[in-house]
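Per-entry structural report
Single-letter residue listing:
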Amino acid sequence: RAKDEGGNGLCFFDPAMESLVLKHAALAEDLRDALRERQFLLHYQAQVSGGRLSGAEVLVRWQHPDKGLVSPGEFIPLAEETGLIIPLGNWVLETACAQLAAWDDDPLLSSLTISVNVSFQQFRQDDFVDQVLATLRRTRANPERLKLELTESMLASNVDALIERMYALKAKGVGFALDDFGTGYSSLSYLKRLPLDHLKIDQSFVRDVFIDSNDSAIVKTIIALAQSLGLGVIAEGVETEEQRDYLVSVGCHACQGYFFSRPLPVEAFETFVRKFQRT
Ligand code: C2E
Ligand code: MG
Ligand code: MG
Ligand code: MG
């Protein structure tokens, strides 16, 4: 594509670069087809709070016809670059809200929340708030059970507009978590102004919590910060019982990670919930 645009982007020839650009273009093309052909699906990962299952985070997957299951790390950045994140994000939200509404009839599932990851590209759309509210109405999902996960990078520009949108959704009951907390550069003064419900401790700190004393210090600091701001805190990437026990001992009661469950297709997630709630 760099070629089509002319200019001096490719005035030297680098075969590795050339092949990367071609691969990239092919994947972008595949991504467009994927939306049309409904090759995306959602996995649900349990969130556990105080020993109870409190909700699930939805994580999108791409069932590629040749490549198999592709993880979002590979295609979300591309979807953001190409603008396809808007229709993809709408589909994720719609599917998640429809799932919330479907769980209404089942006493084991009807109290669960669903957390949806939102890209900055989506959130900054002028009609984002209307889109979310329209989706909630259309699917008859309870807004109180929908949580949106934002990232610190969203705080880099036009925070006032961001805060206004958050309040508009908050007024209808929608909750917010700040994802991957500690990896970005959010200013504490902004943090105070955002109507957040939770901070999510990034998995990189949880992973090395027993290996790197800096990470355990960061974990404790995030928990203290959340407490002083009156926010809940969720640790992500909890893989072992030792990590869970440590987190609980320093005051983090909500966890998510392979120790409890991998992200699962919806049927498997429901089975997991039934087993978990009965034990
Ligand atoms: P995230 O929101 O921080 O999601 C957590 C990631 O950690 C997920 O990766 C999840 O599968 C993985 N994970 C969960 N528990 C563990 C654990 O115990 N150990 C380890 N090592 N990893 C664990 P995944 O599913 O590959 O998603 C990666 C990122 O892609 C997400 O990070 C999120 O930023 C983005 N993403 C996923 N779905 C969506 C979506 O629907 N929309 C948008 N905009 N972004 C999405
Ligand atoms: Mg997330
Ligand atoms: Mg995260
Ligand atoms: Mg993360």
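Residue positions are counted from 1 within each chain, in the order its sequence is given. Chain A is the first chain written and ligand 1 is the first ligand written, with later ones labelled in order. Only residues with pLDDT of 70 or above have their local features reported here, since the model is predicted, and side-chain atom pairs are shown and tallied only from 80 upward, although totals for entire chains, interfaces and linings are computed over all residues. Side-chain descriptors were evaluated using all non-hydrogen atoms of the structure, hydrogens and water having been removed beforehand.

Attention shifts here to the overall build of the chain. Helix and strand counts for the chain stand at 11 helices and 10 strands. If one aligns the C-alpha atoms of the chain with their principal axes, the spans along those axes are about 60 × 45 × 40 Å. Should any heavy atoms of two residues lie within 4.5 Å, those residues are counted as being in contact. Across the chain, contacts joining residues at least 24 apart in sequence account for 66% of those joining residues at least 6 apart. As displayed, the chain offers around 14,100 Å² of accessible surface, 52% of which is attributable to carbon and sulfur atoms. Asp and Glu are treated as the negative residues and Lys and Arg as the positive ones, with His and the ends of the chain left uncounted. Charge coordinates come from a single atom per side chain, which is NZ of Lys, CZ of Arg, CG of Asp or CD of Glu. Here the chain holds 28 positive side-chain charges and 39 negative ones, and the gap between their average locations is 5 Å. The numbering of helices and of strands both runs from the N terminus, where a helix is a DSSP run of H or I of at least 4 residues and a strand a run of E of at least 2. Here the accessible surface of atoms and residues is derived via Shrake-Rupley with a 1.4 Å probe, and residues count as covered only by protein chains that are part of the display.

It is worth spelling out the packing of aromatic side chains at this point. Centres within 6.5 Å are what make two rings of Phe, Tyr or Trp a pair, Trp counting through its six-membered ring; a difference in plane orientation under 30 degrees is then read as stacked, over 60 as edge-to-face, and the rest as tilted. Tallied over the entire structure, the rule returns 11 aromatic pairs. Consider the rings of Phe40 and Phe75, whose centres lie 5.6 Å apart with planes at 45 degrees: the pair is tilted. Remark: Phe75 occurs in helix H2 (residues 72-82) and Phe40 occurs in strand E1 (residues 40-49); sequence separation between them is 35 residues. Relative accessible area decides the class of each residue, using a 1.4 Å probe on protein chains only: under 20% of the type maximum gives buried, over 50% gives exposed, and in between gives partly exposed. Since its relative accessible area comes to 8%, Phe40 is described here as buried. Take Phe75: its relative accessible area is 0%, and that puts it in the buried class. Here the aromatic rings of Phe123 and Phe176 are separated by 6.4 Å at their centres, their planes lie at 80 degrees, and the arrangement is edge-to-face. Of this pair, Phe123 sits in helix H4 (residues 120-123) while Phe176 sits in strand E6 (residues 175-181), and the two are 53 residues apart along the sequence.

Bringing the coordination of the magnesium ion (ligand 4) into the picture now. The donor set covers N, O and S atoms within 2.8 Å of the metal, switching to 3.2 Å for Na, K and Ca, and it leaves out water, so a site may look short of donors. Protein ligation of the magnesium ion (ligand 4) involves Asp180 (OD) and Glu236 (OE), the donor distances falling in the range 2.3 to 2.6 Å. Between the magnesium ion (ligand 4) and the magnesium ion (ligand 2), a separation of 6.0 Å is found. Of this pair, Asp180 sits in strand E6 while Glu236 is found in the loop between strand E8 (232-235) and helix H10 (241-249), placing the two residues 56 residues apart along the sequence.

Before going further, it helps to examine the pairing of E8. As judged from the four bridges shared by strand E7 (residues 198-201) and E8, these two strands associate in the parallel manner. Its bridge partner being in E8, Leu199 is matched across the sheet by Val233. Of the pairings in the sheet, the one linking E8 to strand E9 (residues 254-255) comprises two bridges and is parallel in character. Counted as the bridge partner of Ala235 is Cys255 from E9. Throughout, right-handed denotes a crossover for which the path from the first strand over the helix to the second runs clockwise when the strands point away from the viewer. Running through H10, the crossover from E8 to the neighbouring parallel element E9 is right-handed. Any two strands with at least two DSSP bridges between them are considered paired.

Attention now goes to helix H3 (residues 85-103). How far a helix is expected to stretch is found by multiplying one less than its residue total by 1.5 Å. The end-to-end C-alpha separation of H3 is 26 Å, in line with the 27 Å expected for 19 residues at 1.5 Å each. What H3 keeps buried is the set Ile85, Leu88, Gly89, Val92, Leu93, Ala96, Cys97, Gln99, Leu100, Ala101 and Trp103.

Across the chain, pLDDT averages 92, with 95% of residues at or above 70. Each residue gets a pLDDT score, which is the predictor's confidence in that residue and runs from 0 to 100. Counting contacts from residues 1-6, a segment whose pLDDT is below 50, to residues more than four positions away or on other chains yields five contacts. Model confidence for the complex is summarised by a pTM of 0.92, with the ipTM given as 0.98.

For the rest of this paragraph, the subject is the environment of Ala98. Secondary-structure assignment places Ala98 in helix H3. Sequence separation of Ala98 and Ser189 is 91 residues, and the distance between their C-alpha atoms is 36 Å.

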